[in-house]
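A look at the structure
Given next are the chains, with one letter for each unit.
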Amino acid sequence: MVNSQPRIGDNGWVIIDELTFDAAGLIPAVVQQYDTREVLMVGWMNAEAVRRTAETKRGTFWSRSRQEYWVKGETSGHRQHVKQILVDCDADTLLVLVDQEGPACHTGTRSCFENGEIEVAA
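- Per an unreviewed UniProt entry, the protein goes by Phosphoribosyl-AMP cyclohydrolase and derives from Kribbella pratensis.
- The UniProt entry for the protein carries the following text under Function (unreviewed entry): "Catalyzes the hydrolysis of the adenine ring of phosphoribosyl-AMP."
- According to the UniProt record, the Subcellular location (unreviewed entry) comment for the protein reads "Cytoplasm".

Section: the side chain of serine 111
- Tracing the backbone through its elements, the reader meets serine 111 in the segment after β8 (94-100).
- Here valine 39 takes part through its backbone oxygen, which lies 2.8 Å from a polar atom of the side chain of serine 111.
- Beyond its immediate chain neighbours, meaning those up to four positions away, serine 111 contacts Glu38, Val39, Leu40 and Cys105.

Looking at the sheet that holds strand β4 (residues 39-45)
- Judged by pairing direction, the sheet is mixed, and its 4 strands sit side by side in the order β4-β3-β8-β7 without closing on themselves. Strands with a single pairing partner mark the edges of an open sheet, and in this sheet they are β4 and β7 (80-87). Adjacent strand axes in the sheet meet at a mean angle of 25 degrees, parallel and antiparallel pairs treated alike.
- By the bridge criterion, 6 bridges tie strand β3 (residues 27-33) to β4 in an arrangement that is antiparallel. For valine 31, the partnering residue across the bridge sits in β4 and is methionine 41.
- Where helix α1 (residues 47-56) meets the sheet, its contacts fall on β3, β4, β7 and β8, and the angle it forms with β4 comes to roughly 130 degrees.

Let's talk about the side chain of glutamine 32
- Looking at the element boundaries, glutamine 32 is found in strand β3.
- A polar contact of 2.9 Å, which involves the side chain of glutamine 32, links it to the backbone oxygen of arginine 37.
- What glutamine 32 contacts, discounting residues up to four positions off in sequence, is Arg37, Glu38, Val39, Leu40, Leu95, Val96, Leu97 and Val98.

Conventions adopted
Residues numbered from 1 in each chain as written. Predicted model: local features only at pLDDT ≥ 70, side-chain atom pairs only at ≥ 80, totals over all residues. Heavy atoms only, no water. UniProt positions renumbered as here; feature names shortened; annotations may be inferred. Helix = DSSP H or I, 4+ residues; strand = E, 2+ residues; numbered from the N terminus. Polar contact = N/O pair within 3.5 Å; in protein donor to acceptor, adjacent residues only side chain to side chain. Contact = heavy atoms within 4.5 Å. Pairing = 2+ DSSP bridges. Axes fitted to C-alpha atoms, helices over the stretch in contact; angles between N-to-C directions.

Now the structure itself:
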């Protein structure tokens, strides 16, 4: 039997149905610059957003506040060209490797992780 769903993964293939989504049907997606491994942002995907991302090679997410799909860069021009989607050991988190055009954060910074730091005790 041939499976028509896009397959994702690095060390073997994972079918989208094999992913573990939370009670709201979502899975966190950590987005990283593919060549420098800089962490750019974290978004949420449902199965359809994962499918769209794999098929179009554009970062597609589910907005929990607006309850709709959004494609990174669709309005800003700061597109994410997806190179690879990796699945963690529990299949409950995705690592999306992208080539980011311009800032990844809606605040205009390269990364969403430039807001500050929590001190870690020595």
